[in-house]
Amino acid sequence: MIRPAASIGRRLTLLLAAIAALLSLLSWGMVSSFSGQAAARTQDNVLAASVATIAETLRSEQGTVRLELPYSAFAMLGAISQDRVFYRVSVNGETLTGYDDLRGGRIPEVPGEVLFDTLAYRGETVRMASISRAVSAGREAVPVTVSVAQTGNGIAQVTSGLSRTAAMLSVAFFILAVALSAIAARASLRPLNEIAQAVSRRGPSDLRPIRRTAPRELAPLMSALNRLMDRLGQSIRRSEDFITEAAHRVRTPLATVRAQAEIALHTVTGDEEKKSLRRVIRAVDESSRSTGQLLDHATVAFRAEDLDRRKVDLSEITRSVVESLSPTAEMKDITFDLSSKPSPVRGDAILLQTALRNVLDNAVKYSPPETSVRIDVRCEGKLAEVEICDQGTGLGAGPVEHLTERFRRGDNVAGVVGSGLGLTIADEVMRAHGGSLRLRNLDEEGTGTCVLLVLPLA
Amino acid sequence: MRFLLVEDNLELADSVVKRLGMDGHAVDHAENLAMAEDCLATAEYDLILLDVMLPDGDGRAFLASKRADLETPVIVLTARSQISDRVGALDQGADDYITKPFDFTELEARCRAVLRRRNGSARNEFKLGEAVFDPNSGTIQHANESIDLRNREIRLLEVFVRNPGQILSKSQLLDRLFSYDAEVTENAIEVYVGRLRKKLDSVGVRIETVRGLGYRLCI
């Protein structure tokens, strides 16, 4: 199993989310600062209007400067917020009316110009606007300065309210952006997933090139994959051809030897000669059986690596194996007693056939003539079971668990040709399918063997 | 019965021809697919034994191309015991397969099974006086009655009817009847002869014991 590196999808999502977070933060900062500036500007404009209105009402009466504070000058300040308002009107630096201690702001030099200051007054920060105007009192004009100050609480409140709203909007924007980036990442990775699925859905022997339209970026990967499969297919075909050829070269001469020996057996008369011819035939049988089972064993190991998990009916497979072995059983007048119920399982039909053939072959081999082999295919709960019981020699007194080990044979089968691979093959096939193989003697005396093959139902 | 054997290994083919001949079968041998075509064009066969790997092609491909207009059952001879190969042979339309090296007793059993499945297209019957013995189905038909024989009884009777009037020794019968990995003694022959005699009682056919030599079938 390959340990996956960081997922592309997650990386893409994280990257997009980080960008979204940065943009959200930036937009929040900008909105807050703009709203703060806008509020401050509004306050300044109102303060300027207020001082201008007050300055308008200044007039001179009998050589003194007089003033009637217009209500509207303060009402407009209340329109922004419920802040405290201070004012001072001074003539030549002498306070005419208002708060005498409201000092510290700059005095505008040019008449009509409004100057703004932020200063501390009575423990609070205030914004102050000042305007100067020359009022003619008698012969000469005197400079009059009007100052209006307002605390900043309302402005701060408005600003922080706006900033909160901006923050909330930014968070919402961020969440939306993360969700959209996840969707976008998934969508852009979909072609990759589709290709992966198309490959993994295939059976173990399907090495045809993948014919799918893929995005341009994936084309090199696809063609590399197809080339790899092509090479793999060629190498598998070559090794299969080699095995076929090798088997052919070994087994054809063996067949010739066996046939010749059999003919000789019918023509010679001496007991000694017959005995040695039987030994030849037996040796040929032994070697052909072993090569067959070694090939089977290799096939099982190869196919179990990447198991085909098609839905197959275990009872159908059993029936076909029973049918193909019937002539062999008939030679010994052994009858197969098959009772079966449809038992769907997921697996490789060829492997399951190999397993059943090996078990049934054993049953025929170790059964005395004119007996029967009982085969029962059934469903038990969530399991499919095949039980194969013969009336043969049984498994002997030794422990039965080891009999599925490679090249292990029972301690009571010395007279029968065998390689000791049959049960190993069956056991490996069962394990590869998530099942098991169990052995037991049919009865206490040890005559007869029962092999139970168990597989999960599909 | 008449067999067509398609096999490129001459020594093996020679022994198969001889061995099947001992059981009274006629075997034509074709060394390659071209010769097999010629044989099929000129003669009728009861059964074809077809090797998979031949010098001028794959036996299975030949089978696939022929299957549509070929009624004769085919048993494929394969050198590979791997099951995928066998399954492949059956998919291409073979009736059965047998793995080299093969036991002639098994080959015969498979031929019989195939012919029986094909519903006895081959006429392979023997007259036993007034009765008829069909080794493929393993029955004796006598006066509207059918007597079933077990496999070894069929084999035994077949050996007798193919060698009419001859005295067959226990050891000869033993060699013909059993595959060689079975530990069978000549006593077993006595048992089977005894059983066969009982079944032949009603037919009016006897198996004589020739003291010290063996048995003979008297019709």
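Quick caveat, the model's predicted, so the values are computed rather than measured.

(A) A look at the overall build of chain B. Counting its secondary structure elements, chain B contains 8 helices and 13 strands. In chain B, which comprises 219 residues, the proportion classed as buried is 43%. For chain B, contacts bridging at least 24 residues in sequence account for 48% of all contacts bridging at least 6.

(B) Local environment of the overall build of chain A. Each helix and strand in chain A was counted, giving 8 helices and 14 strands. Counting all 458 residues of chain A, 29% fall into the buried class. Of all intrachain contacts in chain A linking residues separated by at least 6 positions in sequence, the fraction that spans at least 24 positions is 67%.

(C) Summary view of the pairing of strand E10 (residues 139-142) of chain B. Residue and element names in this part refer to chain B. Where strand E9 (residues 131-134) and E10 come together, 3 bridges link them in antiparallel fashion. The partner of valine 132 across the bridge, within E10, is glutamine 141. Linkage of E9 to E10, two consecutive antiparallel strands, is achieved through a turn of 4 residues, within which glycine 138 is found at a positive phi near 75°. For E10 and strand E11 (residues 145-148), the ladder comprises 4 bridges, and the chain directions are antiparallel. When the bridges of E11 are listed, isoleucine 140 appears paired with isoleucine 147. The turn linking E10 back onto E11 is made up of 2 residues, and alanine 143 within it adopts a positive phi angle of 45°.

(D) Main features of the nonpolar core. Residue and element names in this part refer to chain B. The biggest cluster of nonpolar side chains holds 44 residues, and the ones touching the most others in it are Val6, Leu47, Leu49 and Ile75. Examining the composition of this core, we find that 6 residues originate from one element, helix H5 (residues 104-117), more than from any other. What leucine 49 contacts, discounting residues up to four positions off in sequence, is Phe3, Leu5, Val6, Ile75 and Leu77.

(E) Expanded view of the pairing of strand E13 (residues 214-218) of chain B. Sheet analysis places strand E12 (residues 206-210) of chain B next to E13(B), joined by 5 bridges and oriented antiparallel. Within E13(B), the residue paired with B:Ile207 across the bridge is B:Leu217.

(F) Summary view of the sheet that holds strand E3 (residues 47-51) of chain B. Residue and element names in this part refer to chain B. Taken together, the 5 strands give an open sheet; going across it, the order is E2-E1-E3-E6-E7, and neighbouring strands pair in parallel fashion. The sheet is open, and its two edges are formed by strand E2 (26-30) and strand E7 (96-99), each paired on a single side. With strand direction ignored, the average angle separating the axes of adjacent strands in the sheet is 20°. Direction of pairing for strand E6 (residues 74-78) relative to E7: parallel, over a ladder of 4 bridges. Bridge pairing in E7 links threonine 78 to threonine 99. Sitting on the sheet, helix H1 (residues 10-22) touches strand E1 (2-6) and E2, and the angle it makes with E2 is about 170°.

(G) Quick look at the interface of chain A and chain B. Between chain A and chain B, the residue contacts involve 38 residues of the former and 34 residues of the latter. Breaking the side of chain A that touches chain B down by element, the ones donating at least two residues are helix H4 (219-267), helix H5 (271-305), helix H6 (314-331) and helix H7 (349-365) of chain A. Examining the composition of the side of chain A that touches chain B, we find that 15 residues originate from one element, H4(A), more than from any other.

(H) Main features of helix H3 (residues 153-200) of chain A. All names here are of chain A. Along its 48 residues, H3 runs 67 Å from first to last C-alpha, staying within 8% of the 70 Å computed at 1.5 Å per residue. Helix geometry: H3 is bent most strongly at arginine 190, by close to 45°, with proline proline 191 lying one to four residues after it. Every buried residue belonging to H3 is among Ala166, Ser170 and Ala185, and all of these are buried. Looking at the buried positions of H3, the neighbouring elements they touch are helix H1 (8-56).

(I) Summary view of unusual backbone geometry. A cis amide bond, omega -10°, links B:Lys100 with the succeeding residue B:Pro101. With respect to the helices and strands, B:Pro101 occurs in the loop between E7 and H5. In this structure, A:Asp333 takes a positive phi of about 55° despite not being glycine.

(J) Broad picture of the sheet that holds E9(B). All names here are of chain B. Spatial strand order, E8-E9-E10-E11: 4 strands in an open sheet with antiparallel pairing. The outermost strands of the open sheet, each flanked by one partner alone, are strand E8 (126-128) and E11. Pairwise comparison of adjacent strand axes, ignoring direction, gives a mean angle of 25° for this sheet.

(K) Structural detail: the packing of H5(A) against H7(A). Residue and element names in this part refer to chain A. Orientation of H5 relative to H7, taken along the N-to-C sense of each, is 145°, at an axis distance of 10 Å. Between H5 and H7 lies a crossing of left-handed hand. Contacts between H5 and H7 involve Asp296, Thr299, Val300, Arg303 and Ala304 on the former and, on the latter, Ile350, Leu351 and Thr354.

(L) The environment of B:Leu33, seen in detail. Residue and element names in this part refer to chain B. For leucine 33, the position within the fold is in helix H2 (residues 33-42). Of the residues examined, leucine 33 has 22 C-beta atoms within 10 Å and is grouped as buried. Residues in contact with leucine 33, not counting those within four places in the same chain, are Leu54, Asp56, Gly57 and Phe62.

(M) Inspection of the environment of A:Arg310 at higher detail. Positionally, A:Arg310 belongs in strand E8 (residues 310-313). Sequence-wise, A:Arg310 and A:Arg346 are 36 residues apart; in three dimensions their C-alpha atoms are separated by 5.2 Å.

(N) Structural view of the environment of A:Val110. Relative to the helices and strands, A:Val110 resides in the loop between strand E4 (94-98) and strand E5 (114-121). A:Val110 sits 21 residues away from A:Ile131 along the chain, and the two C-alpha atoms are 8.8 Å apart.

(O) Region of interest: the confidence of the model for chain B. Considering every residue of chain B, the mean pLDDT works out to 83; 90% of them sit at 70 or more. Model confidence for the complex: the whole-complex pTM is 0.64, and ipTM, which rates the interface, is 0.79.

About the thresholds
Residues numbered from 1 in each chain as written. Chains lettered and ligands numbered in written order. Predicted model: local features only at pLDDT ≥ 70, side-chain atom pairs only at ≥ 80, totals over all residues. Helix = DSSP H or I, 4+ residues; strand = E, 2+ residues; numbered from the N terminus. Buried ≥ 20, exposed ≤ 12 C-beta atoms within 10 Å, placed from the backbone. Contact = placed C-beta atoms within 7 Å. Pairing = 2+ DSSP bridges. Core = buried A, V, L, I, M, F, W, Y, C linked by C-beta atoms within 7 Å. Axes fitted to C-alpha atoms, helices over the stretch in contact; angles between N-to-C directions. Expected span 1.5 Å × (residues − 1). Bend = angle between axes of the 7 residues up to and from the residue. Left-handed = near helix turned anticlockwise from the far one by under 90°. pLDDT = per-residue confidence, 0-100.

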